[in-house]
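Close look at the chain arrangement
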Amino acid sequence: MDFLTILGLAAATLTTISFLPQMFKTWQTKSAKDVSLVTLITFTTGVFLWLIYGIYLQSLPIILANGVTFIFNLIILWLKIRYR
């Protein structure tokens, strides 16, 4: 693996796991009142577009980061709707 791929995977790991605390807190407290629905939808849409872009480029770091982040944000979105 070359340096740029390792750098991309490190960045992907950090930005992806940054959503875990929000997801766990929302799940545990059963409250998503502090999470903006508009921001969440906008961000999730952007992550999905990044995922499509990564697939087109066949870039593993972009695909992994945005695939997992997309799933995490769909969970947070689902929790936001469920715990209104």
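Going by the structure above, here's the rest.
Everything in this summary refers to the structure shown in the same document.

What counts and what doesn't
Position numbers for residues start from 1 in each chain and track the written sequence from start to end. Since the coordinates come from a predicted model, pLDDT governs what is reported: local features require at least 70, and pairs of side-chain atoms require 80 or more to be given and counted, while whole-chain, interface and lining totals use all residues. Water and hydrogen atoms were dropped before computing side-chain values, which therefore reflect all heavy atoms in the structure. Helix and strand labels come from DSSP, where a helix needs a run of H or I of at least four residues and a strand needs a run of E of at least two; each type is numbered from the N terminus. Residue burial is assigned from relative accessible area. The probe radius is 1.4 Å, only protein chains are included, and a residue is buried under 20% of its type maximum, exposed over 50%, and partly exposed in between. Two residues qualify as a contact provided that any one of their heavy atoms is within 4.5 Å of a heavy atom in the partner residue. Surface exposure here means Shrake-Rupley accessible area, sampled with a 1.4 Å probe, where a residue is shielded only by the protein chains that are shown. Take the residue count of a helix, subtract one, and multiply by 1.5 Å to get its expected span. This arc describes the spread of directions from the helix axis toward the C-beta atoms. Classification of ring pairs rests on two measures: the distance between centres of Phe, Tyr or Trp rings, Trp counted by its six-membered ring, which must be within 6.5 Å, and the angle between planes, read as stacked under 30 degrees, edge-to-face over 60 and tilted in between. Candidate patch residues must exceed 30% relative accessible area and have no salt bridge, after which like charges are joined if within 9 Å and Val, Leu, Ile, Met, Phe, Trp or Tyr side chains if within 5 Å. For this analysis, a salt bridge means a side-chain nitrogen from Lys or Arg found within 4 Å of a carboxyl oxygen belonging to Asp or Glu. Only the stretch in contact is used when a helix axis is fitted, and all axes are lines through C-alpha atoms; the angle between N-to-C directions ranges over 0 to 180 degrees. Every angle not falling under 35 degrees, over 145, or within 65 to 115 is termed oblique; those three ranges are roughly parallel, roughly antiparallel and roughly perpendicular. Take the far helix as the reference: if the near one is turned anticlockwise from it by less than a right angle, the crossing is left-handed, and if turned clockwise, right-handed. Only Asp, Glu, Lys and Arg are considered charged in this grouping, and only Ala, Val, Leu, Ile, Met, Phe, Trp, Tyr, Cys and Pro are considered nonpolar; every other residue, Gly among them, is considered polar.

A few words on the overall build of the chain. From N to C terminus, the chain includes four helices and zero strands. Going from the N terminus to the C terminus, the chain shows its helices and strands as α-α-α-α. The dimensions of the chain, computed from C-alpha atoms along their principal axes, are 45 × 20 × 15 Å. A total of 84 residues make up the chain; the buried ones form 32% of that total. A separation of at least 24 residues holds for 74% of the contacts in the chain among residues at least 6 apart in sequence. Carbon and sulfur atoms provide 72% of the accessible area of the chain, an area that totals close to 5,900 Å².

Between its first and last C-alpha atoms helix α3 (residues 37-57) spans 30 Å; for 21 residues at 1.5 Å apiece the expected length is 30 Å, and the two agree. Listing the buried residues of α3 in full gives Leu-40, Thr-44, Val-47, Leu-51 and Gly-54. Across the axial projection of α3, the buried residues extend over an arc of 80°, all falling on one side. The outward face of α3, more than 90 degrees from its buried face, is lined by the exposed residues Val-38, Thr-42, Leu-49 and Tyr-56. Close packing links the buried residues of α3 with α4 (60-82). Looking one or two places after α3, you find Gln-58, whose phi comes out positive at around 55°.

Attention now moves to the packing of aromatic side chains. Tallying each qualifying case throughout the model produces four aromatic pairs. Both rings, one in Phe-48 and one in Phe-70, keep their centres 5.4 Å apart while their planes meet at 40°; by these two values the pair is tilted. Highlighted residues: Phe-48 in helix α3 and Phe-70 in helix α4, separated in sequence by 22 residues. Under the relative-accessibility criterion, Phe-48 is labelled partly exposed at 37%. Centroid distance Trp-50 to Tyr-53: 5.5 Å. Interplanar angle 80°. Geometry classified as edge-to-face. Taken together, the positions of Trp-50 and Tyr-53, both in helix α3 and three residues apart, correspond to about one turn of that helix.

We now examine a nonpolar patch on the surface. Residues Phe-48, Leu-49, Ile-52 and Ile-55 make up a contiguous nonpolar surface patch of roughly 370 Å² in combined accessible area. Mapped onto the secondary structure, Leu-49 falls in helix α3.

On to the packing of helix α2 (residues 20-29) against α4. Where α2 meets α4, the closest approach of the two axes is 10 Å, and the angle between their N-to-C directions is 25°. Overall, the two elements α2 and α4 adopt an arrangement that is roughly parallel. Judged by the twist between their axes, the crossing of α2 over α4 is left-handed. Of the residues in α4, those touching α2 at Leu-20, Gln-22, Met-23, Thr-26 and Trp-27 are Phe-72, Ile-75, Ile-76, Trp-78 and Leu-79. Split into classes, the residues belonging to the contact of α2 with α4 amount to eight nonpolar, two polar and no charged.

Honestly, that's just the spatial picture; any functional story needs more than this.
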